[in-house]
Amino acid sequence: MALDLNLMPATARTEKQASAIQFVGELGRVAAVPWKNEGGQTRELCVEPPQSDFAGFLWRVSVADVGADGAFSTFDGIDRTIVLLEGGGFGMYADGQLLHDLAECFVPHDFPGEQGISVQLHGAPTLDFNLMVRRERAVGKVVVLREQNSRCLPADTALLYVARGAACLSDESGLQQALRCGEFARLRDGQGARLPDLLCTPGSVVLAVCIHLKP
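Q: What am I meant to see in the overall build of the protein chain here?
A: When its secondary structure is counted, the protein chain shows zero helices and 18 strands. The buried share of the protein chain, taken over its 215 residues, is 47%.

This is the structure:
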């Protein structure tokens, strides 16, 4: 099925949109800020609750630039997931031992935020997608969606990020929302709310952030 990517610009806001989509954004319009340890820079796509600082967030999604070898920030009580978006990738080390080689794009890797991690680049600087979740209150994961498995979103999907290509969201109210590479959509929370359908163009990759709150 061909997608009409001119259905609605990502910045548009309508009453229908509120039925499934809380907001839509674009990576290129998000200001870069220093890491917690000031070793790099990151762009925050979404944080819950809104405006939370590092000590108070429930979950947080960001895209980071890693341009040099160095240490990651540490986050007590936080579960982390990192996904290589572009670049040469890097080795992740703790106490001098290689823990994981982040070398393949669009393959999520989970690790505890307390762990002291340093990275060694394989060459080119990288762009990385990051999910952080406060483990005592929620469980989070990143699911990789492509054309063949994209129509029905995973349960508890809270945010979608188009990592490659393009996609379109379609909800039960008739809204169709185009999303291009680098754009993201925060879906509305709500008991019994129906998730929209997602259609990906051939070769596209969309990252779905799923958040399940603990009782």
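Next comes the rest of the description.
Q: Looking at this structure, I do not really get the side chain of S204. What am I missing?
A: Structurally, S204 can be placed in the loop between β17 (197-200) and β18 (205-213). Within the local environment of S204, its side chain forms a polar contact with the side chain of T201, the two groups lying 2.5 Å apart. Here S204 is in contact with L145, R146, E147, R164, G165 and A166, once residues within four sequence places are set aside.

Q: Can you walk me through the pairing of strand β11 (residues 126-134) in this structure?
A: Working note: regular strand, side chains alternate between the two faces of the sheet. Within β11, nine of the nine residues are buried, leaving the element largely enclosed by the surrounding structure. With burial as the criterion, each face of β11 is covered, one bearing T126, D128, N130, M132 and R134 and the other bearing L127, F129, L131 and V133. Sheet analysis places strand β4 (residues 59-66) next to β11, joined by eight bridges and oriented antiparallel. Residue A64 lies in a different strand from β11, and its bridge partner there is D128. With eight bridges connecting them, strand β6 (residues 78-86) and β11 associate as antiparallel partners. By the bridge assignment, I78 is partnered in β11 with R134.

Q: Would you take a moment to explain the nonpolar core for this structure?
A: Among soluble globular proteins, nonpolar side chains are generally buried collectively. One finds L45, W59, L85, F129, Y161 and L207 to be the most contacted residues of the largest nonpolar core, which totals 27 residues. For this core, the elements supplying multiple residues, two or more each, are β3 (41-48), β4, β6, β11, β12 (138-145), β13 (157-164) and β18. With sequence-adjacent residues up to four places away left out, W59 is seen in contact with C46, V47, E48, L131, M132, V133, A158, R186 and I211. Core analysis: the next-biggest nonpolar cluster, separate from the first, contains 17 residues, I21, V24, L179 and L187 among them.

What counts and how
Residues numbered from 1 in each chain as written. Predicted model: local features only at pLDDT ≥ 70, side-chain atom pairs only at ≥ 80, totals over all residues. Heavy atoms only, no water. Helix = DSSP H or I, 4+ residues; strand = E, 2+ residues; numbered from the N terminus. Buried < 20%, exposed > 50% of the residue type's maximum accessible area, 1.4 Å probe, protein only. Polar contact = N/O pair within 3.5 Å; in protein donor to acceptor, adjacent residues only side chain to side chain. Contact = heavy atoms within 4.5 Å. Pairing = 2+ DSSP bridges. Core = buried A, V, L, I, M, F, W, Y, C linked by side-chain atoms within 4.5 Å.

Function cannot be read off these values alone, since they describe shape.
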